[in-house]
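Coordinates in review
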Amino acid sequence: MLVLGIESTCDETAAAIVEDGYKIFSNEIASQIDIHKKYGGVFPELASRIHIKNIIPIIDLSLKNAKIKKEDIDLIAVAKGPGLIGPLLIGVNVAKALSISLKKPFIGVNHIEAHIYAAMMENLNNLKFPALGLIISGGHTILTKILDIGKYEKIGATTDDAIGESFDKVAKILGLEYPGGPIIEKLAKQGDSNRYDFKAGKIKNRPFDFSFSGLKTKVLYTVKGQNSSMHNAIIIKKNDKKDIAASFQRAVFEDIIKKSYIAAKNFNCKAIYIGGGVSNNQKLKDMFYEKKINIPIFFPKKDLSLDNAAMIAGLGYQKFKKRIIGDLLSLHPLSSIPL
Ligand code: KG4
Ligand code: ZN
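Residues numbered from 1 in each chain as written. Chains lettered and ligands numbered in written order. Predicted model: local features only at pLDDT ≥ 70, side-chain atom pairs only at ≥ 80, totals over all residues. Heavy atoms only, no water.

Section: the coordination of the zinc ion (ligand 2)
Protein-derived ligands of the zinc ion (ligand 2) are His111 (NE2), His115 (NE2) and Asp307 (OD), with the metal-ligand distances lying across 2.0 to 2.1 Å. For the zinc ion (ligand 2), the four donor atoms are set out with angles of 97 to 134° between them, so the coordination reads as tetrahedral. Assessed through its relative accessible area of 6%, His111 is described here as buried. Overall, Asp307 belongs to the buried group, its relative accessible area being 16%. (Donors = N, O, S within 2.8 Å, 3.2 Å for Na, K, Ca; no water. Tetrahedral: all angles 85-135°; square planar, octahedral: opposite > 155°, others 65-115°. Buried < 20%, exposed > 50% of the residue type's maximum accessible area, 1.4 Å probe, protein only.)

Here's the deal with the packing of aromatic side chains
Within the structure shown, the criterion is met by 10 aromatic pairs. Centre to centre, the rings of Phe167 and Phe248 are 5.0 Å apart; their planes meet at 75°, and the pair counts as edge-to-face. Pair noted here: Phe167 is in helix H5 (residues 163–173) and Phe248 is in helix H8 (residues 241–266), with a separation of 81 residues, a long-range link. As far as the burial class goes, Phe167 and Phe248 line up, both buried. Seen from their ring centres, Phe210 and Phe212 are 6.0 Å apart, and the 20° between their planes marks the pair as stacked. We note that Phe210, like Phe212, is buried. What links up through ring pairs into an aromatic cluster is the set Tyr261, Phe288, Tyr289 and Phe299. (Phe/Tyr/Trp six-rings, centres within 6.5 Å; stacked < 30°, edge-to-face > 60°. Helix = DSSP H or I, 4+ residues; strand = E, 2+ residues; numbered from the N terminus.)

Quick word on unusual backbone geometry
Backbone torsion omega between Gly81 and Pro82 reads -5°, so that peptide bond is classified as cis. Along the chain, Pro82 falls in the loop between strand S4 (75–81) and helix H3 (85–102). Cis geometry marks the peptide bond from Phe129 to Pro130; its omega dihedral reads -5°. Structurally, Pro130 can be placed in the loop between helix H4 (111–118) and strand S6 (131–136). Phi at Asn205 is positive, roughly 60°, even though this residue is not glycine. Assignment of secondary structure puts Asn205 in the loop between helix H6 (180–188) and helix H7 (213–224). In this structure, Ile324 is a non-glycine residue whose phi angle is positive, near 55°. When you line up the elements, Ile324 lands in the segment after helix H10 (310–323).

What about the nonpolar core?
Core analysis: the biggest nonpolar cluster contains 47 residues, and Ile163, Val219, Phe248, Phe253, Ile256 and Phe288 have the highest contact counts within it. Every element with two or more residues in this core is listed here: S6, H5, H6, H7, H8, strand S9 (272–275) and helix H9 (282–290). Among the elements that make up this core, the one with the highest residue count is H8 (12 residues). (Core = buried A, V, L, I, M, F, W, Y, C linked by side-chain atoms within 4.5 Å.)

Some words on helix H2 (residues 44–66)
Along its 23 residues, H2 runs 30 Å from first to last C-alpha, staying within 8% of the 33 Å computed at 1.5 Å per residue. Buried within H2 are the following residues: Ala47, Ser48, Ile50, His51, Asn54, Ile55, Ile58, Ile59, Ser62, Leu63 and Ala66. (Expected span 1.5 Å × (residues − 1).)

Examining the sheet that holds S4
Reading across the sheet, the five strands line up as S3-S2-S1-S4-S5 and stay open at both edges, with mixed pairing between neighbours. With partners counted over all chains shown, the strands left at the sheet margins are strand S3 (23–31) and strand S5 (106–110), one partner each. Put simply, the sheet's adjacent strands are angled 20° from each other on average, direction ignored. Bridging between strand S1 (residues 2–7) and strand S2 (residues 12–19) involves six bridges; their strand directions are antiparallel. Bridging across to S2, Leu2 finds its partner in Glu19. Of the strands in this sheet, S1, S2 and S3 touch H2, which is tilted by about 25° from S2. This element, H4, spans S1, S4 and S5 of the sheet and lies at about 80° to S5. (Pairing = 2+ DSSP bridges. Axes fitted to C-alpha atoms, helices over the stretch in contact; angles between N-to-C directions. Contact = heavy atoms within 4.5 Å.)

Written out as structure tokens, the structure reads:
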């Protein structure tokens, strides 16, 4: 079954052609990062306008690179949320229009669930359940028990900032560009991760929830002075930035790795599947593997960690296989949907 995936939840317009949930024929992304960089984060109205401009060309490119005609598509899968409502409306309406004109079904999938599916795509014949799912993206930080594709029991989540968001904010504090994750990772490579005694927050009686906003404030006060705000000037030396980046990254990763392993053990998980933009970080992978526990860990392969449409097409196939019916044209995208 050939599935066209469409992704437009935030600042990437993406389209992909995937067969039977795993065989990726094309995976195209039109990134808006260079435009949003000027604003220090995603500017939603601008994002919508750029999605309108890019969406048809990126679908055409995905068809061209997969060497298929649009008439060959069997199903259209689209991210229906969570995300920015303007950008979501564009992807969902294009999927509906294609569904009408090609007389093919369409299906809306959860973007967060697709991030986890990205870690499963290469191993569909050997999925292990129950498993632990860890979603670490710009908008979400979630620990969940996975009973099957589509069946989840939430274990924990962030109570304030998402992990990717905290990378972006710390980068901003250090005067670095958006998105902060890749820049912090690069800077941290040259830094001393133990120079600053940073720690992620704890939530009373909720061992699997997360808190990163206190840590972000600690970084702010270290970089700009006690009780300072974002607008204050940086008081540390340029050379200290790498140690801040390394210490911050170490604190965040120690926290999520520790909680993931305890949760995996407590909930008898046979594998850990990790997805979302932050899972692109090599140091995170190294730190997870260093622990050497007896549970296999799966990260998405390259190009599937950050927002992409191959994971949407793949999950769309799995959902359609179970239901054998697409969504109705009355489907509305939602800026917030649970896993
Ligand atoms: O999953 P994603 O592409 O979009 C959302 O669904 O949010 O994640 C984007 C987030 C951003 O906050 C970005 O800074 C972070 O992922 N990110 C990283 C890295 N690459 C992207 N964080 C840490 N290390 C990275 N290498
Ligand atoms: Zn995402």
